[in-house]
Amino acid sequence: MGAILAADPLRLLKKVVRNPDRAALRLMLHWRVSREPAQSRRSRFLGFLSERYGVDAWALDEEYARSDFAAWHRQRLAALARFPGPYRVGTTGEFDCRCMYVLVRAAKPQTLVETGVLYGAISGHILAALAQNGQGQLYSIELGREETEPPHDFFIPEDLQIRWQLILGDSRDELPRLVDTLPTIDLFHHDSLHTFDHMTWEFESVFPHLAPDGVLSSHDVAIAHSLRGMFQQNAFPAFCLRHRVAWATFGNQGILFPQGPLAGATTVTV
C-alpha cells in the first residue's frame, strides 16, 4: 500500500521527488504491463476463464459493464478524486477489478479470503459477484487506516456487506488464525505488502488450505521488488514454479490453480 497522500498533483510530485526509487519501480511496472495491448490481455483472460470453467466469460464481462454496480463504482472513483482529506494512492485499476468480478462469477467460490483492502475496490467487486452468484462469504484482512482517510468500505455498497467480514490487523497475525478456522479456501487474493518475502509467506500460508479446485489470485505479479532486484523474479511466478502448479499472468494480475491444466498459461521473467 502507498503512503498517505493528498489529492493534489503538487503533493504527488513532491512524493515522487522524495521517493525516486519507488517512482522508478512504478515506471518499470507500467512499461512491463503496457508491452501487451489491453485488448489482447482482456481477450486472453476471458478466453482462459471460458475454457477453465466452461462458461461464457465474455457474457459475464458484459454483465459487469452493464451493471448498476459498475456505474456506482465509477461514481465512487470520481468521489475519491474529490476527497477533501488525505488518501493513499494505490486503488486497484479498472482492468484488475473487472477481472476479479468475472473470476468470482465463473468460479462460484463459497469461501474467499483477501489480504489488503485499502478502500475496498477489489472487495466491492468480489462482493458484487457473490451477490450475483447468490452464495459465498468474503473474509478480508487489512492493517488499518488513518482516521482522516476514506473508510475501508468506500467502494462497497452497504447492501453488499452482508457477505463481508473485515478483520483489522497484520496479516502475519490474522491470516494463520483465520485459515485455521475455515474448513477450506476456494479463492485467496493477495494485495497487501508486495515484498518478495511477504508475498511468499502469504502464498505458503494459504496454499495448503486451498480447495483442490480452488484458485489463488495475486496482484502486483509484474513488479520488481526493488531497484537492486529489478531483474530478479517476482514472488508469484517464483512460487508457482517452485510448487509446479498451473498458473497464468494477465498484466499485473496472477492466477494459480493447485491442480489441473491451464489453457493459455504464460510465464513472466521480472
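Each value, and the rule that gives it
- Residues numbered from 1 in each chain as written.
- Predicted model: local features only at pLDDT ≥ 70, side-chain atom pairs only at ≥ 80, totals over all residues.
- Heavy atoms only, no water.
- Helix = DSSP H or I, 4+ residues; strand = E, 2+ residues; numbered from the N terminus.
- Buried < 20%, exposed > 50% of the residue type's maximum accessible area, 1.4 Å probe, protein only.
- Contact = heavy atoms within 4.5 Å.
- Salt bridge = Lys/Arg side-chain N within 4 Å of Asp/Glu carboxyl O.
- Axes fitted to C-alpha atoms, helices over the stretch in contact; angles between N-to-C directions.
- Parallel < 35°, antiparallel > 145°, perpendicular 65-115°, else oblique.
- Nonpolar A, V, L, I, M, F, W, Y, C, P; charged D, E, K, R; others polar.
- Expected span 1.5 Å × (residues − 1).
- Core = buried A, V, L, I, M, F, W, Y, C linked by side-chain atoms within 4.5 Å.
- Pairing = 2+ DSSP bridges.
- pLDDT = per-residue confidence, 0-100.

Caption draft 1: The side chain of threonine 115, seen in detail. Structurally, threonine 115 is set in strand 3 (residues 111-115). With relative accessibility at 0%, the residue threonine 115 sits in the buried group.

Caption draft 2: Region of the structure containing the side chain of histidine 189. With respect to the helices and strands, histidine 189 occurs in strand 6 (residues 185-190). In this structure histidine 189 comes out as buried when scored by relative accessible area, which is 1%. Residues in contact with histidine 189, not counting those within four places in the same chain, are Met100, Val113, Glu114, Thr115, Ile122, Ser217, Ser218, His219 and Gln253.

Caption draft 3: Expanded view of the pattern of salt bridges. Overall, the coordinates contain 8 salt bridges when judged by the stated rule. The residue arginine 98 makes a salt bridge to aspartate 61 at a minimum N-O spacing of 2.7 Å. Note that arginine 98 is positioned in helix 6 (residues 94-107) and aspartate 61 in helix 4 (residues 57-66), a separation of 37 residues in sequence. By relative accessible area, which is 19% here, arginine 98 ends up buried. Notably, a salt bridge pairs arginine 98 with glutamate 94, separated by 3.0 Å at the nearest N-O pair. Taken together, the residues span about one helical turn, with arginine 98 and glutamate 94 both in helix 6 at a distance of 4 residues.

Caption draft 4: Spotlight on the packing of helix 3 (residues 38-53) against helix 6. Relative orientation of the contacting elements helix 3 and helix 6 amounts to 10°, with a least axis distance of 10 Å. The angle between the axes of helix 3 and helix 6 places the two elements in the roughly parallel class. Contacts between helix 3 and helix 6 involve Arg41, Arg42, Phe45, Leu46, Leu49 and Tyr53 on the former and, on the latter, Phe95, Cys99, Val102, Leu103, Ala106 and Ala107. Considering only residue class, the contact of helix 3 with helix 6 consists of 10 nonpolar, no polar and 2 charged.

Caption draft 5: Examining helix 5 (residues 68-81) more closely. With 14 residues, helix 5 ought to run about 20 Å at 1.5 Å a step, and its terminal C-alpha atoms sit 20 Å apart, in line with that. Here helix 5 has its buried residues at Phe69, Ala70, His73, Ala79 and Leu80. Buried-residue contacts for helix 5 involve helix 4, strand 2 (86-88) and helix 7 (121-133).

Caption draft 6: Layout of the nonpolar core. One finds Phe45, Leu49, Val102, Val104, Ile126 and Ile255 to be the most contacted residues of the largest nonpolar core, which totals 44 residues. Looking at this core, the elements that each hand over two or more residues are helix 3, helix 4, helix 5, helix 6, helix 7, strand 8 (246-250) and strand 9 (253-257). With near-sequence residues (within four places) excluded, leucine 49 lies in contact with Gly54, Val55, Ala57, Val102, Leu103 and Ala106. Of all hydrophobic cores here, the second largest spans 24 residues; its members include Val206, Val221, Val245 and Leu256.

Caption draft 7: A look at the pairing of strand 8. Burial of strand 8 is extensive: 5 of the 5 residues sit out of reach of the surface. Where burial is concerned, the two faces of strand 8 agree: the one with Ala246, Ala248 and Phe250 and the one with Trp247 and Thr249 are both buried. Once strand 8 ends, the chain turns through 2 residues before running back antiparallel as strand 9, passing glycine 251 with a positive phi of about 65°.

Caption draft 8: Unusual backbone geometry, seen in detail. The phi dihedral of aspartate 220 is positive, around 60°, even though this residue is not glycine. Note that aspartate 220 resides in the loop between strand 7 (210-219) and helix 10 (235-243). Of note in this structure, arginine 244 is not a glycine but carries a positive phi near 55°. Secondary-structure assignment places arginine 244 in the loop between helix 10 and strand 8.

Caption draft 9: Quick peek at the confidence of the model for the chain. For the chain, mean pLDDT is 85; residues scoring 70 or higher make up 80% of the total. In the model, residues 27-31 has pLDDT below 50 throughout and makes 6 contacts with residues more than four positions away in sequence or in other chains. Predicted confidence for residues 263-270 stays below pLDDT 50, and this span has 25 contacts to residues more than four positions away or in other chains.

Caption draft 10: Here's a closer look at the environment of aspartate 61. When its relative accessible area of 3% is taken as the criterion, aspartate 61 is described as buried. Distance in space between the C-alpha atoms of aspartate 61 and tyrosine 101 is 8.1 Å, their sequence separation being 40 residues. Non-local contacts of aspartate 61, meaning those with residues more than four positions away in its chain, are made with Arg42, Leu46, Arg98 and Val102.

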